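# Notes for the structure review
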Amino acid sequence: MTHVEDELNSQPECWTRAATEAPGLGGVLPAPGERVAVVGCGTSYFMAQAFAALREGSGRGETDAFAASEFPHGRSYDRVLALTRSGTTTEVLDLIARLKGRTPTVAITADPDTPVMAVADEIVVLDYADERSVVQTRFATTAFTLLRAHLGLHTDAVVADARAALAGELPEGLVECGQFTFLGRGWTVGLANEAGLKMREASLSWTEAYPAMEYRHGPISITTGGTATWMFGEAPEGLAEQVRSVGGLWIEGGLDPLAELVRAQRLAVAVAAARGLDPDRPRHLTRSVILAP
């Protein structure tokens, strides 16, 4: 078993632990009504997108998500929340340091022995969700679960769905597809983006991700036999039938969207295995992007 397989299989236990920790972090994580920016790079940026949409959509306050390198310094926020598994990513560290003394910062990380500990105002360490694999799985979803539970929007049913996602068979014919499109709505757009990234990293697949209603505005032109379209959450009316009518394989997201992401992680590993690739050693990637001064 690869590191990434072992790590993605441990997600239900990690989520359960994170959900129990969330109530004790009320003074650290964003408070209701605060204007918040959530930042990250790569996977962490896409999970930031998901949390920002979930928080604002649930009425907790205006929430934006940015790649750390694209943070708009002309805007004012009550708090900036950074997601950083390694605690060493250059863009994240530079941003937090620049905000020091101007905007309160909170970092959620997996490693307590990294530079982020010295630059962020507040730290949440999820060391039990750290990973050996370059490809992120459990840290990202555990951090999201912590934040979701902080909003009061996590339930035991989410963990049950994750177990189902790990136990069930992948849909027939999915691994053999040559192109994958992931769709979301609201907070699940970020999850769709992350599913696409997992497929690219682990299996070198041709993948795309869009808000579901945007799929008809051009992207559906690539849909044909041998392509798959996977919906995270409830699909717009008629879209499944339209995808099937042009020959595409439609994958209905029947589980909680975060559990659907676990299924997509499994798909990435399965496609990598089918192509003779090692998902623990993705091409051109390292565990953290650290730029020279």
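Okay, so let's go over this structure.

### A word on the sheet that holds strand β7 (residues 206–211)
- Sheet architecture is open: 4 strands sit in the order β7-β6-β8-β9, paired in parallel fashion. Because the sheet does not close on itself, it has two edges, and the strands there are β7 and β9 (249–251). Neighbour-to-neighbour, the strand axes of the sheet open up by a mean angle of 20°, direction not taken into account.
- Judged from the 6 bridges that link them, strand β6 (residues 179–184) and β7 form a sheet pairing that is parallel. The partner of F182 across the bridge, within β7, is A209.
- In the packing of helix α8 (residues 188–203) onto the sheet, contacts are made with β6 and β7, and the angle to β6 comes to roughly 160°.
- Docked against the sheet, helix α10 (residues 257–274) engages β6, β8 (227–231) and β9, running at close to 155° with respect to β8.

### Side note on the environment of F139
- Structurally, the position occupied by F139 is in helix α6 (residues 138–150).
- Distance in space between the C-alpha atoms of F139 and Y128 is 8.6 Å, their sequence separation being 11 residues.
- What F139 contacts, discounting residues up to four positions off in sequence, is T84, R85, I108, T109, A110, L126, A129 and E131.

### Some points on α6
- Relative to the 18 Å expected for 13 residues at 1.5 Å per residue, α6 spans 18 Å between its end C-alpha atoms, a close match to the ideal helical length.
- The buried fraction of α6 is high, at 12 of 13 residues.
- Among all positions in α6, only R138, F139, A140, T141, T142, A143, F144, T145, L146, L147, R148 and A149 are buried.
- Of the residues one or two after α6, G152 is the one with positive phi, at around 80°.

### Description of the packing of aromatic side chains
- By the definition in use, this model includes 8 aromatic pairs.
- Pairing F182 with W230 gives two aromatic rings, centres 5.8 Å apart and planes at 40°, and the pair type is tilted. Here the residue F182 occupies a position in strand β6, and W230 occupies one in strand β8, the gap between them amounting to 48 residues. Accessibility assignment for this pair places F182 and W230 in one class, buried.
- Members of the aromatic cluster, each reached through a chain of ring pairs, are F66, F71 and Y77.
- For R35, the ring lying beneath its charged end belongs to Y77, and the centroid distance is 4.6 Å.

Cut-offs and rules
Residues numbered from 1 in each chain as written. Predicted model: local features only at pLDDT ≥ 70, side-chain atom pairs only at ≥ 80, totals over all residues. Heavy atoms only, no water. Pairing = 2+ DSSP bridges. Helix = DSSP H or I, 4+ residues; strand = E, 2+ residues; numbered from the N terminus. Axes fitted to C-alpha atoms, helices over the stretch in contact; angles between N-to-C directions. Contact = heavy atoms within 4.5 Å. Expected span 1.5 Å × (residues − 1). Buried < 20%, exposed > 50% of the residue type's maximum accessible area, 1.4 Å probe, protein only. Phe/Tyr/Trp six-rings, centres within 6.5 Å; stacked < 30°, edge-to-face > 60°. Lys NZ or Arg CZ within 6 Å of the ring centre and 35° of its normal.

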